[in-house]
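Structural features, examined
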Amino acid sequence: GFTCLAAAVLATNATAQVTPSGKGFLLRAKYTRGAIAKYTLNTSMVVMGTKALVSTSIRERVLSVSNGVGELEIQMGKSKATMGGDPIGKQMPMDNQKGTVKLDALGRNADGTGFKVQTHVELPKAPVKIGDQWTTDTTAPVGKSRQKARVTYKVVGFATVSGKRVLKLAETFS
């Protein structure tokens, strides 16, 4: 598997709702038509004993909202990748892809079609606290195909990104 640390994941395409609930936080997304977010997804992994880093820019625009479901246009930028500190000049499978996806308040694909790149966190139904984990099943791009993957999310803590307080999560794919 590989680990992706996403510090601004809950302050992206939607107005992230991190609401105190009991001893934890209830996580939800609230979409606003016309909202645009730009962020970078940084992924680190170990491939055959060598550390690899991939940084991909993402631009999202909320096209419409109906009953809490947001239709988002997603534009992936060109990735910057290194392996063992050396640049990888090869194009990545997700580079320059564009598509739309409909997401509910839990970040789940609302219509079963959606964009082919996993860029969103599927939020838990119950409140979580720092240190908690939850798992979802998804498909992830591998080369030109898609493979089933299990994603485990862990609440790491809070951070400040561009002057906003965001919840920091770690994702592990296996």
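Residues numbered from 1 in each chain as written. Predicted model: local features only at pLDDT ≥ 70, side-chain atom pairs only at ≥ 80, totals over all residues. Heavy atoms only, no water.

**Notes on the overall build of the chain**
Our working rule: For the purposes of this entry, the term helix denotes a DSSP run of H or I that reaches at least four residues, the term strand denotes a run of E that reaches at least two, and both are numbered from the N terminus. Think of it in three bands: with a 1.4 Å probe and only protein chains considered, a residue is buried below 20% of the maximum accessible area for its type, exposed above 50%, and partly exposed in between. What makes two residues a contact is simply this: any of their non-hydrogen atoms within 4.5 Å. In short, Shrake-Rupley with a 1.4 Å probe defines the accessible areas, and a residue's cover is counted only from the protein chains shown.
Secondary structure assignment for the chain yields 0 helices and 12 strands. Taken from the N to the C terminus, the helices and strands of the chain come in the order β-β-β-β-β-β-β-β-β-β-β-β. Looking at the chain as a whole, 36% of its 174 residues qualify as buried. Within the chain, contacts between residues separated by at least 24 positions form 46% of all contacts whose residues are at least 6 apart in sequence. For the chain, the accessible area works out to roughly 9,900 Å², and carbon and sulfur atoms hold 52% of it.

**Some thoughts on the pattern of salt bridges**
Which entries qualify depends on this criterion: Only one rule defines a salt bridge in this text: a Lys or Arg side-chain nitrogen within 4 Å of an Asp or Glu carboxyl oxygen.
For the structure shown, the criterion picks out 6 salt bridges. Two residues, Arg150 and Asp137, come together in a salt bridge whose shortest N-O distance is 2.8 Å. Taken together, the residues span a long stretch of sequence, with Arg150 in strand S11 (residues 145-161) and Asp137 in strand S10 (residues 133-142) at a distance of 13 residues. Under the relative-accessibility criterion, Arg150 is labelled partly exposed at 42%. Linked by salt bridges that have partners in common, Arg59, Arg61, Glu73 and Lys98 make up one network.

**Examining the packing of aromatic side chains**
Any aromatic ring pair is given by two values, namely how distant the centres are and how the planes are angled relative to each other. Applied cut-off: A pair of Phe, Tyr and Trp rings is counted when the ring centres sit within 6.5 Å of each other, with Trp represented by its six-membered ring. The angle between the planes then sorts it: under 30 degrees is stacked, over 60 is edge-to-face, the rest tilted.
Summed over all chains, the structure comprises 2 aromatic pairs. Seen in terms of ring centroids, Phe25 and Phe158 are 5.3 Å apart; in terms of plane orientation they differ by 75 degrees. Their pairing is edge-to-face. Taken together, the residues Phe25 in strand S3 (residues 24-30) and Phe158 in strand S11 connect sequence positions 133 residues apart.

**What to know about the pairing of strand S4 (residues 36-47)**
Rules: For two strands to be treated as a pair, DSSP must find at least two bridges joining them.
As judged from the 12 bridges shared by S4 and strand S5 (residues 50-66), these two strands associate in the antiparallel manner. From the neighbouring strand, Leu41 faces S5, where its bridge partner is Thr56. Once S4 ends, the chain turns through 2 residues before running back antiparallel as S5, passing Met48 with a positive phi of about 50 degrees.

**Comments concerning a nonpolar patch on the surface**
For clarity, the cut-off: Surface patches are drawn from residues lacking salt bridges whose relative accessible area is over 30%; two like charges belong together within 9 Å, two nonpolar side chains (Val, Leu, Ile, Met, Phe, Trp, Tyr) within 5 Å.
Where nonpolar side chains cluster on the molecular surface, the patch consists of Val47, Met48, Met83 and Ile88 and spans about 370 Å² of accessible area. Checked against the element boundaries, Met48 lands in the loop between S4 and S5. With relative accessibility at 82%, the residue Met48 sits in the exposed group.

**Looking at unusual backbone geometry**
Even without being glycine, Asn67 reaches a positive phi, approximately 55 degrees. In this structure, Asn67 sits in the loop between S5 and strand S6 (69-76).

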